[in-house]
Structure formats: structure tokens, C-alpha cells
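For reference, the chains in residue letters:
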Amino acid sequence: MEKKLGWKNLPQNDILEAGTAKDFKTGDWRSQRPVHNPEKCISCFICWINCPDSAIIVKDGKVIGIDYDHCKGCGICARECPPKVSAITMEPEKK
Amino acid sequence: MKVAKTGNEAMAEAMRQINPDVVAAYPITPATEIVMIFSQFVADGLVDTEYLAAESEHSAMSACIGSSEAGARVMTSTSSQGLALMYEMLYVASGLRLPIIVAEVNRALSSPINIHGDHSDTMGARDSGWIQIFSENSQEAYDNLIQAVCIAEKARLPVMVSTDGFIISHCMEVIDMISDGEVKKFVGEYKPERYLLDIKRPYSCGALDLQDYYFEHKRQEAEAMINSKNIILGVAAEFEKSFGRKYGFFEEYRLSDADVAIVCLGSTAGTTKFVVDKMRQHGIKVGLLKPRIYRPFPYAEIAKVLSKVKSIAVLDRSDTFSSYAGPLFTEITSCLYTAGVNVKAVNYIYGLGGRDIGIENIEYVFKELLKISEGKYAANIVNYLGVRE
Amino acid sequence: MKDIIEVRWHGRGGQGAKTAALLFAEAALSTGKYVQGFPEYGPERMGAPVQSFNRLSDKPITLHCGITSPDFVVVLDPTLINTVNVVSGLPETGAVIINTEKSAAEMCQKLNFKGRIFVIDASKIAMECFGKLIPNTPMMGALVKVTHFLEIDAVLEDTRKKLNKKFAHKPEVIDGNIKSIKRAYEEVKDE
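Residues numbered from 1 in each chain as written. Chains lettered and ligands numbered in written order. Predicted model: local features only at pLDDT ≥ 70, side-chain atom pairs only at ≥ 80, totals over all residues.

Asker: Just checking my understanding: could you explain the overall build of chain C for this structure?
Answerer: In terms of helices and strands, chain C carries six helices and six strands. Listed by position from the N terminus, the elements making up chain C come as β-α-β-β-β-β-α-β-α-α-α-α. Since a compact globule built from 191 residues should have a radius of gyration of about 16 Å, the 15 Å found for chain C is in line with a globular shape. Principal-axis analysis of the C-alpha atoms gives chain C an extent of 45 × 40 × 35 Å. (Helix = DSSP H or I, 4+ residues; strand = E, 2+ residues; numbered from the N terminus. Rg over C-alpha atoms; globule rule 2.2 N^0.38 Å.)

Asker: Even after reading the chapter, I still don't get the interface of chain A and chain B, so can you show me in this structure?
Answerer: The parts lose accessible area when they come together, and the size of an interface is often stated as this lost area. The interface is formed by eleven residues belonging to chain A together with 17 residues belonging to chain B. For the side of chain A that touches chain B, the residue count by class is five nonpolar, three polar and three charged. Looking at chain direction, strand β1 (residues 15–17) of chain A and strand β9 (residues 203–205) of chain B are connected through three bridges and run antiparallel. The partner of E17(A) across the bridge, within β9(B), is Y203(B). (Contact = placed C-beta atoms within 7 Å. Nonpolar A, V, L, I, M, F, W, Y, C, P; charged D, E, K, R; others polar. Pairing = 2+ DSSP bridges.)

Asker: What am I meant to see in the interface of chain B and chain C here?
Answerer: In this complex, chain B contributes 20 residues to the contact, which on the side of chain C involves 17 residues. Sort the elements by how many residues they give to the side of chain B that touches chain C and helix α9 (residues 267–281) of chain B lands first, with five residues. Partitioning the side of chain B that touches chain C into residue classes produces nine nonpolar, seven polar and four charged. Of the pairings in the sheet, the one linking strand β8 (residues 172–176) of chain B to strand β2 (residues 34–39) of chain C comprises two bridges and is antiparallel in character. Along β2(C), the bridge assignment pairs M172(B) with G37(C).

Asker: Just to check I follow, could you spell out unusual backbone geometry for this structure?
Answerer: Glycine aside, residues mostly have negative phi, and peptide bonds are mostly found in the trans state. Between S110(B) and S111(B) the backbone carries a cis peptide bond, its omega angle lying at 5°. Structurally, S111(B) can be placed in the loop between β5 (101–106) and α5 (120–124). Residue P296(B) is reached from R295(B) by a cis peptide bond, and omega for that bond is -5°. Among the structural elements, P296(B) can be located in the loop between β13 (293–295) and α10 (299–306). The phi angle at S43(A) is positive, at roughly 50°, despite the residue not being glycine. Along the chain, S43(A) falls in the loop between β2 (32–36) and α1 (46–50). Overall, S43(A) belongs to the partly exposed group, with 16 C-beta atoms counted inside 10 Å. At S80(B), a position not held by glycine, the phi torsion is positive, near 45°. (Buried ≥ 20, exposed ≤ 12 C-beta atoms within 10 Å, placed from the backbone.)

All we've got here are geometric facts, nothing functional implied.
If you want it as C-alpha cells, here you go:
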């Protein structure tokens, strides 16, 4: 369990350090997971542009996979992937 | 240097000498001249300020908040309806702990529409988390505005310094101005610990804060207000050391041996001093307590200095419409009660919409007080002074 | 002498009653006095009767109430006498100074005032000295004479300094104004 800070230790001025969303693993909210097929993928970056959680991993100018620590399984990437390509499919989360 | 300045001119001159990074304002009577004169300073290149003419007071305060969070030293000026329109943003400024300074000119609130001086506007903002400093005259408005910069930045709380509309804002008086160089040295350079334009140390501000953290942040704000008391006294001590004029939480005028006393804010305190001197010449022991710092309210200190008088009259230049008393009266009686000080206290609500309060009005109050302290007279607790029946 | 001297100016919106009160305050400051100068607090309308006020003292002034019983009244516009009770609250020990071509005796009948009445044709002086029908600077000269509170030379010097800043490009305005103050100081009379 997260230990919440009291008023004496809480940072002043209602401020938060920047970029802390990265440290918060939201991936376990998922009921469906996107699966990326690198052989079909044409690296058009439409999924990367549309992903609300910045969970599309890009390396050396290519989409290489999904960041499952932060992907919430919304399915936008699979829907936006061009139908002729269909490089991302949604599958039930197996836990 | 002794110069003749109106209250508005004095505040504009103080702003020029402070030379803030940003001033965002929407001028309003009777504070119009403050930003009017200041914008001329900007146009003449006498200050380095980015002046932003906003489309409303709400926007003006919003721009102040953005600029302050970005790391700028920020000032604005307003009055009455203008302060009322800022209301929502006042809480954002204090909640974000931004040291914004407002030069406020006290004016009545509509309706009926009225442009004259009373304290309804600032009293409406008394629980918004701002430090509030009342000034008796142009000199105090000038000195308070300069001190406000240091107080705000040390306490990390916004400060509003107020004067009475027209009575002070448009009255030319002799003030002793400090040299530009000395003011610059006194207020120093603003170096915020964190600021948004510091791209090497980025942060988020104003985030959602629900049941789990909001209360802790508000508790911090309350603590900041408590801590600001020592900061206010420290800045006043430094100011006195540098420029010789003494300031504290309040001014006691011939109070130490007084039988009865008036407690009032702003310009009325000046007229009361005149009456105190006059009555003292006839051997009547009357005195005055003039609170300067209204937020944080110096509860314990006020209870202590009022403990020796037999009866007090608290004069309120605004009403709470609570079916009871004015705001200053409830503060004063609350601090007397909790300190166990048993002093008879009555309230006079006066001067609404700029209704003049003359020597004879104040003499009347003192005479009523003398009757009360002799136990001869059962007065109403709350009275309206100077209103036609 | 009273600790505080109080002056009320009567004029019409646009005639410079407020400016006169402020100029007079600044001139008094230059002689080391403590001063207040403030206008009647209200919406300003061109031509409407307006008032402004001064307090002068050797000591700092803490009073911040209105002036209802002045020691001196200055009337910038003679037509005001028919519409405004210019001597309202003025005690018989006080004095009124009126810009008029008429005599003090005539004014006395009109005003029904038992104290001292001074007259000065400040409009004529203004026209002759600087060619504008703005009688406020000469009336200041008359007031200095009647109050006996300030040194005329100090007032002239201070006014010249102020005008020098404002009218550096129009020296004739400065000399004209100074001359008008001097003339009014000399010509104001109570007969």
C-alpha cells in the first residue's frame, strides 16, 4: 500500500514533479491487450500518434512493440492501424 | 524626499520603484490612476515591466497567476467590482502559493452602484488566503506596498495592500519617498525556488487534489499564514532600520493608559487620532487601535493591548448582513473572548458607500463609550453610525 | 491661529478647481508646510458646479474627513454665486475670495455674509497675462495674500519650477502665469 504524506512532508505549493506518470504502472487496468505483428507493420506511426498513453514503442524509426506497463488496452491503435495492414490485433488479457 | 502625492500616485510610484516583471490589469475607479500612471512609466521606459492590458479583472488575475508561476515578480491593481470579479482567481493564487501583489483601493460594491470608499470589497476577500494590509494614508500605502513584496516572496503568499477609495486615493498629501536605489535594494531580486520557465527542473502545478490530498495542502496554506506573522514583523523591522518608519500588526495611539478606545481601519483612524488628541486636551482618556494587518489577524496581540481598557467601539466600514455585526467586530470580540479578556464592546457600522465620517461622529462614539464604561447606559451591541433614520 | 487651515474652492467642471487645489498644496509643501489637496468626490462633468479642498498645517495632518466648515472659500466663477451657497459652513471669522469685476460691497449684499469678502478680477488678469480664461492661478495668488500663511516668493518660485517642467516649449505661458499670480496677490481687495 502507498503511504500518503502528511501536510508537513508534502511538497509545498500544490506542485508535482514533471513526468511522474511514467513511474505509475497503469498497464494492469487492461482487459484486452494489443498484439503487434512486426512483419505486417509498415511503421506509418498512425498508432503512435493516436495512442493516448504513449505506449507504442518506437526505436530507430520503426514501431517495435507495445509498452505493456502503461497500455490500458483501449484498442485505439488496433482500430487506427490501416485495414490493409492490420498489424495490431486485440486479444483477451490472460491473467 | 518629501513630495506631494495622491494615494494613487504614491502606489504607482512604489510600483515603479519595485519594477515588477509583469503587471496585468484592468483599470477601475477609483484605482484607475494607479495603472494609468504606471502604464505611462512603461511607455516612457522607466521600468522593465511587461504590461498587459487584460479584458477583465478575472483575466488580469489569471495572467498574474500564469506569470507568477512562470517565475516573474507580478503586481496588479483593482477595486470593488474588479476585486469581486477576481474572486475565483484569488483562491487559485493563494492555493498555488504565488507571491502576487495587488494594490487595492477600497470601494463599495453594487448594488446600488457607487464608486466611493468602503471596505466591502476587501472584506469579501478576507478568507481567500491573501495577506491583507490596510493603509491609513498615502504614506502607509506607499510603505506597505514596498514591504508587501518582501512579505509575499518570503511567505509565498499573495498580498493585497489597500487604501480608502477617493478619501486617500485622490487626496494629495505629503509623503516621504524613498530613493529608487534604496527601494531596489530593499525589495531585492526575486529568485523563486521553483518556476515553470526553469526547463531544467520541470514540474506540474495546480493538479487535481481530491479527498486524499486537498486537506493537507490547505493545512499547509493555513500554516503559511501563521508563519507569515513573523515574516511581516521581520520585514517591518528591516524597513524601520532602513527608513525609520515603524510598522507592526497594528498601531496603538495613546492606548496604553486609555479608559475607552476605538478600533478602526484605514483613513478613519487618522480622523480618530485628531479626536483623541482633542479629547485628551480636556483630560479625557481615550485611545485608538488601528489594525494594519487584517490577514493574518493578530488575535493574541490585539487581545493583549485591549485588555486594559474598560470599553471599546469597533468601527466597521462594511456590513456582513448577518443580522449581527461587521467583520472587524466579530474578529475583535472573538479574540477577546478566547483570551478571556472581559471588555465591553460595541459595534458601529459606518461610512458605507463613502458616507463621510466626521469629527463629530467620532466624538459621539467616544461619548457613548464613556457612558458605557461608567455602567450608565445599556447600548445596543450593533449600531449604524451616520445613517438617516 | 488655528492648527489647521481649511480652504474650499468652488468652480465649474473644467475650470481647474481641482488643479488649483493641488497646485496650492504643492506650493505650500515647498514652503515646508504639511498639506492636503483633494477634489469633491464625484463624477466630473464639464460646466457643473464642483468643489475642491485644501488643508494646511505646520504639523502632519491626520484628518481624513470632508471639509464642511472651511476658513477660506475661493470662488473661481462669479456665476456660481447665483446657484451655489458658496459661504455654506463658512464662519464669520472666515473669508471668501471671489473672482468678479464687482466690488466687495456688492458681493456682500448678494451673499448675505458677515465675514470678510475679497474680490479680484482674476478672469481679466488671466486674459491679460496669458490670454486664456483660466482664473485658477491668479486666484491662488489672491489666496496666498488673504491667508497670510505662505510666502509669496516661495510660491512663485515653486510654481515656476512646476510650469518649467510642463511648458518648457512655451516660455510665455510660464511668465504669464507667474505674472498673473503676482498681480492677483497685489490687486486682491476687500472693498
